[in-house]
Amino acid sequence: MEIKQVMVIGAGQMGSGIAQVCAAGGYDVFLHDLEESLTEQGKQGIKERLEREVEKERISDADKERILRRIQPSTDLSNAENVDIVIEAAVENMEVKKNLFQQLDNRAPAHAILATNTSSLPITEIAAMTKRAEKVIGMHFMNPVPIMKLVEIIRGLQTSDETYKAVAEMASSLKKTSVEVNDFPGFVSNRILMPMINEAIFTLYEGVSSAEDIDEVMKLGMNHPMGPITLADFIGLDTCLYIMETLHNELGDDKYRPCPLLRKYVKAGWLGKKSGRGFYAYD
């Protein structure tokens, strides 16, 4: 199938980034959220990122305007009636996603693919809420989307080869490298990354070293571009906790038990960079 029109659900950091790369790849995009103010904020973020690209002479001003023209804000889910693929990037909550996919299944045309950007939740369970499980797939972009080259493409139990091929071809057209992943908790990226971050937090919790020195060990000793404590703050400590809880609940292994210090910070509202305070303080 040929994909021309895309709907991205969620105009936050991930959703707006996905909309940006889709528009840059030549697709027409509905950027959808619950309120007009959210879609406007999402599109403004895209505009600012593109303006920085113009300043760095990576794209022209004409390129910027062409990308922005391809993005149409949406607060009406019935716009899904006009698309070839929906990429859902809403909050990482199973009940929210199930409800959304039920609605999308009733509104999107029969040929449309329903993709989710979930970072840890089971694709098969989400697909079961629809009558087109063969057309439901995971399309997990990395943050920040315009910069990071990887997309995990996750096959649910019933995802068809045709659906996988169409999504892999789309990812390639976005200048992304895709990897095929089966439907296991955390997929590949977060099954490996989150326990490392959690262990770094345990190392801090147990007084082995300071946050700064733990980060320094991983940057200078392991050649990581960012230390795990800083990375946790950038991802969002609430997101880290949610993924660790998903791994712990779904796999049943105590090696995935979230660190008590991570739980305490989330309860305190110290969620990382987005809240101004996490393991580090932010202006």
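Residues numbered from 1 in each chain as written. Predicted model: local features only at pLDDT ≥ 70, side-chain atom pairs only at ≥ 80, totals over all residues. Heavy atoms only, no water.

As annotated in an unreviewed UniProt entry, the protein chain is 3-hydroxybutyryl-CoA dehydrogenase from Alkalicoccus saliphilus. Checking UniProt for the protein chain, the heading Sequence similarities (unreviewed entry) contains the comment "Belongs to the 3-hydroxyacyl-CoA dehydrogenase family." Under the Pathway (unreviewed entry) heading, UniProt states for the protein chain: "Lipid metabolism; butanoate metabolism." (UniProt positions renumbered as here; feature names shortened; annotations may be inferred.)

A.B. asks: Can you break down the domain arrangement of the protein chain residue by residue, with the values?
C.D. replies: Split by domain assignment, the protein chain resolves into domain 1 (5-182) and domain 2 (190-274). Using only C-alpha atoms to locate each centre, domain 1 and domain 2 end up separated by 27 Å. Tallying the contact residues gives 7 residues for domain 1 and 4 residues for domain 2. Of the roughly 500 Å² buried between domain 1 and domain 2, counting both surfaces, carbon and sulfur atoms make up 52%. On the surface where domain 1 and domain 2 come into contact, there are 0 salt bridges. Summed over the shared surface of domain 1 and domain 2, the number is 2 residue pairs in polar contact (both at pLDDT 80 or more). Considering only residue class, the side of domain 1 that touches domain 2 consists of 2 nonpolar, 4 polar and 1 charged. (Domains from an automatic or database assignment. Contact = heavy atoms within 4.5 Å. Buried area = accessible area lost by both parts, 1.4 Å probe. Salt bridge = Lys/Arg side-chain N within 4 Å of Asp/Glu carboxyl O. Polar contact = N/O pair within 3.5 Å; in protein donor to acceptor, adjacent residues only side chain to side chain. Nonpolar A, V, L, I, M, F, W, Y, C, P; charged D, E, K, R; others polar.)

A.B. asks: Describe the UniProt feature "domain: 3-hydroxyacyl-CoA dehydrogenase C-terminal" (unreviewed entry) in the protein chain, with residues and values.
C.D. replies: The feature "domain: 3-hydroxyacyl-CoA dehydrogenase C-terminal" (unreviewed entry), as given by UniProt, occupies residues 186-282 in the numbering adopted here. The annotated region residues 186-282 carries 62% helix and 0% strand content, and the separation between its end C-alpha atoms amounts to 28 Å. (Helix = DSSP H or I, 4+ residues; strand = E, 2+ residues; numbered from the N terminus.)

A.B. asks: A description of the nonpolar core should follow, citing residues and the corresponding values.
C.D. replies: With 35 residues, the main nonpolar core has Val-6, Cys-22, Ile-85, Ile-87, Met-139, Phe-141 and Met-170 as its most contacted residues. No other element matches helix 6 (residues 161-173), which puts 6 residues into this core. Excluding residues that lie within four positions of it along the chain, Met-139 makes contacts with Ile-87, Ala-115, Thr-116, Asn-117, Val-151, Glu-152, Ile-154, Val-167, Met-170 and Ala-171. (Core = buried A, V, L, I, M, F, W, Y, C linked by side-chain atoms within 4.5 Å. Buried < 20%, exposed > 50% of the residue type's maximum accessible area, 1.4 Å probe, protein only.)

A.B. asks: How would you explain unusual backbone geometry if you had to name every residue and give the values?
C.D. replies: Note that the residue after Asn-143, namely Pro-144, is joined by a cis bond; omega there is 0 degrees. Among the structural elements, Pro-144 can be located in the loop between strand 6 (136-141) and strand 7 (150-155). Not every positive phi belongs to a glycine, and Phe-187 is a case in point at roughly 55 degrees. Here Phe-187 shows up in the loop between strand 8 (177-182) and helix 7 (189-205). Residue classification places Phe-187 among the buried positions, given a relative accessible area of 4%.

A.B. asks: Please give an account of the sheet that holds strand 1 (residues 5-9) that cites residues and values.
C.D. replies: Taken in spatial order, the 8 strands make up an open sheet running 3-2-1-4-5-6-7-8, and their pairing is mixed. Single-partner strands in this sheet number two, and they are strand 3 (71-74) and strand 8. Mean inter-strand twist for the sheet, computed between neighbouring axes without regard to direction, equals 25 degrees. Two elements, strand 2 (residues 28-32) and strand 3, share 4 bridges in a ladder whose sense is parallel. In the sheet register, Leu-31 faces strand 3, and the bridge partner there is Pro-73. (Pairing = 2+ DSSP bridges. Axes fitted to C-alpha atoms, helices over the stretch in contact; angles between N-to-C directions.)

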